[in-house]
Amino acid sequence: MRLILKILVAPVIVVLTVFVWICSGLLYCSAWVFGLAGTVLGIFGVLTLITHQVTNGIVLLVMAILVSPYGIPMAAAWLLGKIQDLRYAIQDRVYG
């Protein structure tokens, strides 16, 4: 019975492994793009604050924080870590 479970779970583990690898590569590339966009938005936000348009400057700075490496990319990395934890939990439970 345990052998059948191992055979059935093996493709799931392979799919999760490939999914994590692909998402890690996409996350690496998108973090670079989001970092660049966050820098540009931050500079524009500060320049907008200097020109006495406080509301627009604050909106731009909040957007800069969201697309910076501490915003959306960090949430994606956390979620990817949880998916990898799920894979390891399945693997440890079935294969011992």
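Residues numbered from 1 in each chain as written. Predicted model: local features only at pLDDT ≥ 70, side-chain atom pairs only at ≥ 80, totals over all residues. Heavy atoms only, no water.

K.L.:
Hey, could you run me through unusual backbone geometry in this one?
P.N.:
A negative phi holds for most residues other than glycine; trans holds for most peptide bonds. Backbone geometry places His-52, a non-glycine residue, at a positive phi of 70°. With respect to the secondary-structure elements, His-52 resides in the loop between helix H1 (2-50) and helix H2 (54-67). Under the relative-accessibility criterion, His-52 is labelled exposed at 73%. (Helix = DSSP H or I, 4+ residues; strand = E, 2+ residues; numbered from the N terminus. Buried < 20%, exposed > 50% of the residue type's maximum accessible area, 1.4 Å probe, protein only.)

K.L.:
Would you mind going over the UniProt feature "transmembrane region" (unreviewed entry) in the chain with me for this structure?
P.N.:
The positions that UniProt labels "transmembrane region" (unreviewed entry) are, in the present scheme, residues 7-27, 33-51 and 58-80. Taken end to end, residues 7-27 comprises 100% helix and 0% strand; its first and last C-alpha atoms sit 31 Å apart. Here residues 58-80 is 83% helix and 0% strand, with 30 Å between the C-alpha atoms at its ends. (UniProt positions renumbered as here; feature names shortened; annotations may be inferred.)

K.L.:
What should I look at first to understand the environment of Ile-7 in this one?
P.N.:
Topologically, Ile-7 is positioned in helix H1. Here Ile-7 falls in the exposed class, since its relative accessible area comes to 54%. On a C-alpha basis, the gap between Ile-7 and Ile-58 in space is 55 Å, while along the polypeptide they are 51 residues apart.

K.L.:
Sorry, what's going on with H2 here?
P.N.:
Helical geometry note: an α-helix holds 3.6 residues per turn, so side chains three or four residues apart project in the same direction. With 14 residues, H2 ought to run about 20 Å at 1.5 Å a step, and its terminal C-alpha atoms sit 20 Å apart, in line with that. Listed as buried for H2 are Gly-57, Leu-60, Ala-64 and Val-67. Angular distribution of buried residues about the axis of H2 spans 95°; they occupy a single face of the element. In this structure, H2 carries Thr-55 and Ile-65 as exposed residues pointing more than 90 degrees from its buried face. Contact partners of the buried residues in H2: H1 and helix H3 (72-95). (Expected span 1.5 Å × (residues − 1). Arc of directions from axis to C-beta. Contact = heavy atoms within 4.5 Å.)

K.L.:
Hey, could you run me through the packing of H1 against H3 in this one?
P.N.:
Helices that pack against each other are described as a pair by the angle of their axes relative to one another and the distance between those axes. Where H1 meets H3, the axes come as close as 9 Å, and the angle between the chain directions of the two elements is 165°. Considering their axes alone, H1 and H3 lie roughly antiparallel with respect to each other. Taken as a pair, H1 and H3 cross one another with a handedness that is left-handed. Of the residues assigned to the contact of H1 with H3, the class counts are 19 nonpolar, four polar and four charged. (Axes fitted to C-alpha atoms, helices over the stretch in contact; angles between N-to-C directions. Parallel < 35°, antiparallel > 145°, perpendicular 65-115°, else oblique. Left-handed = near helix turned anticlockwise from the far one by under 90°. Nonpolar A, V, L, I, M, F, W, Y, C, P; charged D, E, K, R; others polar.)

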